[in-house]
Amino acid sequence: MTRVAVCPGSFDPITYGHLDIIERTSKVFDKVYISVLKNSSKKGLFMPQERVDMIEKVTSHLDNVEVKQFDGLLVDFCNEVGAKAIVRGLRAVSDFEYEMQLTSMNRKLDSDIETIYMMTNNNYSFISSSIVKEVAKYGGKIEDVVPPHVAALLQEKFINR
Ligand code: PNS
């Protein structure tokens, strides 16, 4: 049996925190789909295809990882690719409430799909895409929190604004 997992998120943009969870998930599952989804409470900086392209670039060393954009419910994506597990990272207690809502709703929508949480590596537990964007916007150093390719794209975005 092939064990398939989905790492979902808005990835606007992908950070070293996301990458840590994706790399660890790829060691535990046979196949991992990174699903670039819409979070209706967030306004995006990068277009969905730009996010897919940058994730593909920074995960190219992971043979069992595939990136897909999906316009719909996470559980529908899981069923489309045959995944029975959703893997999310937990950074701190502050993430818990939102993650619990997400998990409970997804379970209501499809009780066959489990959500599994991995504690984010301590080195990355303070990183969020929103904070990275804010620092990049004001010209701060982001090389320690996102891969070089992503840092370059962020800098380019803000220079062209
Ligand atoms: O990286 P994020 O923004 O915390 O990820 C949240 C995301 C994109 C996984 C969530 O908003 C989502 O699943 N969106 C797709 C629509 C959906 O399935 N919503 C119902 C679950 S509450």
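Residues numbered from 1 in each chain as written. Predicted model: local features only at pLDDT ≥ 70, side-chain atom pairs only at ≥ 80, totals over all residues. Heavy atoms only, no water.

Participant: Go over the pattern of salt bridges with me, naming the residues and quoting the values.
Facilitator: A complete count under the given rule lists 10 salt bridges for this structure. Put simply, Arg24 and Asp20 hold a salt bridge, and the shortest N to O gap is 2.9 Å. Separated by four residues within a single helix, Arg24 and Asp20 lie in helix H1 (residues 16–28), roughly one turn from each other. The class for Arg24 is partly exposed, based on a relative accessible area of 27%. Among the ionic pairs, Lys157 bridges to Glu50, the shortest N-O distance being 3.1 Å. Residue Lys157 is found in helix H6 (residues 148–159), and its partner Glu50 is found in helix H2 (residues 48–58); the two are separated by 107 residues along the sequence. By relative accessible area, Lys157 is classed as partly exposed at 21%. Shared partners join several salt bridges into a network, and the residues in it are Asp12, Arg51 and Lys133. (Salt bridge = Lys/Arg side-chain N within 4 Å of Asp/Glu carboxyl O. Helix = DSSP H or I, 4+ residues; strand = E, 2+ residues; numbered from the N terminus. Buried < 20%, exposed > 50% of the residue type's maximum accessible area, 1.4 Å probe, protein only.)

Participant: So what's going on with the state of the cysteines? Which residues, and what values?
Facilitator: Taken as a whole and judged by the stated rule, the model has zero disulfides. Free of any disulfide, Cys7 has its nearest cysteine sulfur in Cys78, 10 Å distant. (Disulfide = S-S within 2.5 Å.)

Participant: Explain the environment of Lys31 residue by residue, including any values.
Facilitator: Within the fold, Lys31 resides in strand E2 (residues 31–36). A sequence separation of 128 residues divides Lys31 from Ile159, and the C-alpha atoms of the two residues are 37 Å apart. Dropping the residues within four chain positions of it, Lys31 is found in contact with Arg3, Val4, Ala5, Asn64 and Glu66. (Contact = heavy atoms within 4.5 Å.)

Participant: Kindly report on the packing of aromatic side chains, identifying the contributing residues and their values.
Facilitator: Applying the stated criterion to the full structure yields three aromatic pairs. Residues Tyr33 and Phe77 carry aromatic rings whose centres are separated by 6.3 Å and whose planes lie at 80 degrees to one another, so their mutual orientation is edge-to-face. With Tyr33 in strand E2 and Phe77 in helix H3 (residues 74–81), this pair connects stretches of sequence that are 44 residues apart. Owing to a relative accessible area of 12%, Tyr33 belongs among the buried residues under this scheme. Judged by its relative accessible area of 1%, Phe77 falls in the buried class. Three or more aromatic residues link up through ring pairs in this structure, and these residues are Tyr33, Phe70 and Phe77. Of note, Lys31 hangs over the ring of Tyr33, and the distance from its end group to the ring centre comes to 5.1 Å. (Phe/Tyr/Trp six-rings, centres within 6.5 Å; stacked < 30°, edge-to-face > 60°. Lys NZ or Arg CZ within 6 Å of the ring centre and 35° of its normal.)

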